[in-house]
Amino acid sequence: MRQRFGIGYDSHRFGAERPLVLGGVKIENETGLLGHSDGDAVAHAVIDALLGAAAMGDIGQLFPDTDERWKDANSMQLLREVKRRLTAASYTIVNVDVTVVTERPRLAPHIPAMRENLARALGIPLHAVSVKAKTNEQMDSVGEGKGLQVFAVASLGGA
Ligand code: MG
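Basis of the calculations
Residues numbered from 1 in each chain as written. Predicted model: local features only at pLDDT ≥ 70, side-chain atom pairs only at ≥ 80, totals over all residues. Heavy atoms only, no water. Pairing = 2+ DSSP bridges. Helix = DSSP H or I, 4+ residues; strand = E, 2+ residues; numbered from the N terminus. Contact = heavy atoms within 4.5 Å. Axes fitted to C-alpha atoms, helices over the stretch in contact; angles between N-to-C directions. Core = buried A, V, L, I, M, F, W, Y, C linked by side-chain atoms within 4.5 Å. Buried < 20%, exposed > 50% of the residue type's maximum accessible area, 1.4 Å probe, protein only. Phe/Tyr/Trp six-rings, centres within 6.5 Å; stacked < 30°, edge-to-face > 60°. Expected span 1.5 Å × (residues − 1).

Considerations on the sheet that holds strand β4 (residues 32–33)
What the five strands build is an open sheet, ordered β4-β1-β7-β5-β6; its pairing is mixed. The open sheet terminates on both sides in strands that have one partner only, identified here as β4 and β6 (129–134). Here strand β5 (residues 91–101) runs beside strand β7 (residues 147–158); their pairing, made up of ten bridges, is antiparallel. Across the sheet, Asp97 pairs through a bridge with Val153, a residue of β7. The sheet strands contacting helix α4 (residues 111–122) are β5 and β6, and the helix crosses β6 at an angle near 145 degrees.

Looking at the nonpolar core
Counting 48 residues, the largest nonpolar core has Leu22, Val46, Leu50, Leu79 and Met114 as its most contacted members. With eleven residues, the single largest contributor to this core is helix α1 (residues 41–54). In this structure, Val46 is in contact with Leu79, Val96, Val98, Leu118, Leu122 and Ala152, ignoring residues within four places of it in sequence.

Structural notes on the packing of aromatic side chains
With the rule as written, the count across this model stands at one aromatic pair. Ring centres of Tyr9 and Phe151 lie 5.1 Å apart, and the angle between their planes is 55 degrees; this geometry places the pair in the tilted category. Note that Tyr9 is positioned in strand β1 (residues 3–16) and Phe151 in strand β7, a separation of 142 residues in sequence. The class of Tyr9 is partly exposed, set by a relative accessible area of 38%. Judged by its relative accessible area of 38%, Phe151 is partly exposed.

Some details on α4
Under the 1.5 Å per step criterion, the end-to-end length of α4 is 16 Å for twelve residues, consistent within 8% with the ideal 16 Å. Here α4 has its buried residues at Ile111, Met114, Asn117, Leu118, Ala119, Ala121 and Leu122. Contacts from the buried residues of α4 go to β2 (20–22), β3 (25–27), α1, α3 (75–88), β5 and β6. Phi turns positive one or two residues past the end of α4, at Gly123, with a value near 65 degrees.

Here is the structure:
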């Protein structure tokens, strides 16, 4: 089996009057994330890591933010669509690893649910999905709470 790796990154500003959604989990917070879709930066970073590993482009090419179909889209549905395309191209997902950087809110209590959602959407075992959370130690715009950042790595087998 040939193994391939991809990296994904996403950032969104806080400020939307809607729920904060990360990895398909609605999280209690005074504000949600701005964006064309539901702003789920965890799903977006994982999508880009998967697409990167397969050299199949990026989230902006597959789901353009100029397309009304993706306005307020459920990003976990977009993730399932990416999984479908990877399967069609004979790739299997080995694992994904995610780091969320944000000052607020505290994400630790929500990590198990995020892992479960990602594992279910990707059709892989829970032990193949890692989600970690950190603060930016109050440095820079993320540290000032203006938004959050997500880094993701994915490994694929096959093709
Ligand atoms: Mg995004």
